Amino acid sequence: MKKGTECVHAGYSPANGEPRQMPICQSTTFKYESSDAMGRLFDLEEPGYFYTRLQNPTNDRVAARIAALEGGVGACLTSSGQAANFFACFNICEAGDHMIAVANIYGGTFNLFGWTFRKMGIDVTFVEMDADEAALEAAFKPNTKLVFGETLTNPGVRVLDIEKFARVAHRHGVPLIIDNTFPTPVNCRPIEFGADIVTHSTTKYMDGQGVAVGGVVVDSGRFDWTAYPQRFPGLCTPDASYHGLVYTERFGNAAYITKLVTHLMRDLGSIPSPQNAFYLNLGLQTLHVRMKRHCESALAVAKFLESRPEVAWIEYPGLESDPCHALAQKYLPGGSCGVMAFGLKGDRARAVRFMDSLKLVTIETHVADCHTCILHPASHTHRQLSDEQLREAGVRPDLMRLSVGLEDVEDLIADIQQALDKK
Ligand SMILES: Cc1ncc(COP(=O)(O)O)c(C=O)c1O
């Protein structure tokens, strides 16, 4: 199936007389006829539902839809994008291990890795996204377990050279985890470029209406964990908490995602409610149509901003002048997303005056839904970061992040124009 058809149909095909729309299974538990039948589920001998913290039919269908869209073998929904990135790494990384992350990533993920992971005993090295292969090689240690990056960085909307990172990660026998939140699988499928695990904050375009916080982890099923049993003991050696089960032996190329569900979800929770999974599915059903419109409108707004004398700089990969344009043509040929970054000539007060003068575009700590919104990361999302950390994360102090929604683009440009005119 093509992507649009998958958005509407993958993961759920009702049988005769069943609901056409994916139903919400709002139940914490499931009934069994015999103690033995339920026991077999606990031993992972048979698939089935016993408690919604681990699995729920609505959540599973939505996860299956996203797995199909990304080209993976399986997926697990999480209660937020933060939980998705935490689980994706923690599934194969523990105290005493090391991981490598691109520095130019979402501030929340930067904090998770830079502070919380280090507190948990996981050592993290941040690397520049445009580092050459020799510089990336130098970041590896004997205990490195994974490499992490974002297809399109938040807030700078820079394009990651996924193939370069995949090549270096695989040379060192570790997987590449890619957060694909901004492009969504409609505009980029990182697995096709060598990523092994893909994550999302589904809170963004996948939901698209600003309704439900959520996340997802997708397993490509392509990484051969058994080639490095010592490096990934959690997947390749007996799990004492599951009667000595070896995930790779029992679940083959779905070992990683099965462990994430049965082990991490069991112990740490963080599942979304079936109601929120249902909302997410409503968003997925129109994702392919909305992404096209977001990209078309964003390109028109970016071209307008680029033409204005008040604008000091603008970064949007769709612009031919953008340094990432060539990478965007390779990884995002159908468009990137609706988000762009720009700065105005003048001081910080000028930026504040501009933002406060907007009438249709609203100031929000969000991106990537149907409402056009703007944010100044140095004063908002990234305010915990020092100037040095801001620079390390690729965020300029004057950067404003504009997320173009689904309104008529003429109205958006008129609003931006009147705010720019207020000198
Ligand atoms: C790229 C990216 N990853 C992860 C997250 C975290 O997602 P959530 O807010 O759903 O926890 C965000 C949030 O903005 C994000 O932009």
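Quick look at the structure, then. Predicted, not measured: the structure shown is a model, and the values here were computed from it.

Right, let's get into the pattern of salt bridges. Going through the model one piece at a time under the given rule, you end up with 18 salt bridges. Residue E315 is joined to R396 by a salt bridge in which the shortest nitrogen-to-oxygen separation is 3.2 Å. Here R396 lies in the loop between α16 (387–392) and β12 (400–403) and E315 lies in strand β8 (residues 311–315), a separation of 81 residues in the sequence. For E315, a relative accessible area of 14% gives the class buried.

Now for the nonpolar core. Grouped burial of nonpolar side chains is what soluble globular proteins tend to show. If you look at the biggest cluster of nonpolar residues, it comprises 105 residues, and the most contacted ones within it are I66, M99, F113, F117, F148, L176 and W225. Here this core takes seven residues from helix α11 (residues 255–268), the largest share from any one element. Formed jointly, this core draws a minimum of three residues from each of two domains, domain 1 (3–283) and domain 2 (288–421). In contact with L176, not counting residues within four places along its chain, are V147, I162, F165, A166, A169, H170, A195, D196 and I197. Core analysis: the second largest hydrophobic core is formed by 28 residues, L305, I314, L344 and V361 among them.

Another aspect to go through is the site of the ligand. Taken together, the neighbourhood of the ligand is formed by 14 residues, with N154, D179, S201, T203 and K204 sitting nearest. At 2.8 Å from an oxygen atom of the ligand is found a side-chain nitrogen or oxygen belonging to S201. A total of 390 Å² of accessible area belongs to the ligand in isolation, and the protein chains cover 90% of it. A majority-of-atoms criterion places the ligand in the second largest pocket. It is helix α4 (residues 81–90) that contributes the most residues to the shell around the ligand, three residues altogether. Considered class by class, the residues forming the shell around the ligand number two nonpolar, nine polar and three charged.

As a further point, take the state of the cysteines. In this structure the tally under the stated criterion is zero disulfides. C188 carries a free sulfur, and the closest cysteine sulfur to it, the one in C337, is 11 Å from it.

Turning our attention to empty space enclosed by the protein. Scanning the model with the defined rule gives four cavities of 30 Å³ or more in all. What lines the largest cavity is L77, T78, T202, D207, A212, V213, G214, G215, P272, N276, A277 and L280. The set of elements that each furnish at least two residues to the lining of the largest cavity consists of β1 (74–78) and α12 (274–284). Examining the composition of the lining of the largest cavity, we find that three residues originate from one element, α12, more than from any other. Its residues assigned to classes, the lining of the largest cavity shows six nonpolar, five polar and one charged. Taken as a whole, the second largest cavity encloses approximately 40 Å³ of empty space. By residue class, the composition of the lining of the second largest cavity is three nonpolar, one polar and three charged.

Structurally, T153 is set in the loop between β4 (144–150) and α7 (162–171). With relative accessibility at 3%, the residue T153 sits in the buried group. Among the polar contacts listed, one links the side chain of T153 to the backbone nitrogen of R158, at a separation of 2.9 Å. Leave out the neighbours within four places in its chain, and T153 touches N104, M129, R158 and F182.

The computed volume of the largest pocket comes to approximately 640 Å³. Residue lining of the largest pocket: 30 residues in total, with Q55, D60, T258, V261 and T262 positioned closest to the centre. Only α3 (57–70), β1 and α11 provide two or more residues apiece to the lining of the largest pocket. Here the residues of the lining of the largest pocket sort into 19 nonpolar, eight polar and three charged. What lines the second largest pocket is a set of 22 residues, among which Q82, Y106, N154, S201 and K204 lie closest to the centre. Per-element accounting of the lining of the second largest pocket gives the leading share, three residues, to α4. Broken down by class, the residue content of the lining of the second largest pocket amounts to five nonpolar, 13 polar and four charged.

Strand order in this open sheet of seven strands is β1-β7-β6-β5-β4-β2-β3, and the pairing throughout is mixed. Since the sheet does not close on itself, it has two edges, and those belong to β1 and β3 (123–127), each with one partner. Sheet twist, expressed as the average angle between the axes of neighbouring strands with direction ignored, equals 20°. By the bridge criterion, three bridges tie strand β2 (residues 98–102) to β4 in an arrangement that is parallel. Bridged to H98 within β4 is T144. Sitting on the sheet, α11 touches β1, β6 (197–201) and β7 (215–219), and the angle it makes with β1 is about 30°.

To continue, consider unusual backbone geometry. P155 follows N154 through a cis peptide bond whose omega is 15°. Within the fold, P155 resides in the loop between β4 and α7. Although it is not a glycine, T184 sits at a positive phi angle of roughly 60°. Relative to the assigned elements, T184 resides in helix α8 (residues 184–187). Residue T184 is classed as buried on the basis of its relative accessible area of 0%. Even without glycine at this site, H243 takes up a positive phi of about 55°. Along the chain, H243 turns up in the loop between α9 (233–236) and α10 (247–251).

Rules used throughout
Residues numbered from 1 in each chain as written. Predicted model: local features only at pLDDT ≥ 70, side-chain atom pairs only at ≥ 80, totals over all residues. Heavy atoms only, no water. Salt bridge = Lys/Arg side-chain N within 4 Å of Asp/Glu carboxyl O. Helix = DSSP H or I, 4+ residues; strand = E, 2+ residues; numbered from the N terminus. Buried < 20%, exposed > 50% of the residue type's maximum accessible area, 1.4 Å probe, protein only. Core = buried A, V, L, I, M, F, W, Y, C linked by side-chain atoms within 4.5 Å. Domains from an automatic or database assignment. Contact = heavy atoms within 4.5 Å. Near = heavy atom within 4 Å. Polar contact = N/O pair within 3.5 Å; in protein donor to acceptor, adjacent residues only side chain to side chain. Areas by Shrake-Rupley, 256 points an atom, 1.4 Å probe, with all protein chains shown as cover. 1 Å grid on protein atoms, 1.4 Å probe; cavity = no way out; pocket = protein on both sides within 12 Å on 5 of 7 lines; lining within 4 Å. Sits in = over half its atoms within 2 Å of the grid points. Nonpolar A, V, L, I, M, F, W, Y, C, P; charged D, E, K, R; others polar. Disulfide = S-S within 2.5 Å. Points joined across faces, edges and corners; volume = space filled by probe spheres on them. Pairing = 2+ DSSP bridges. Axes fitted to C-alpha atoms, helices over the stretch in contact; angles between N-to-C directions.

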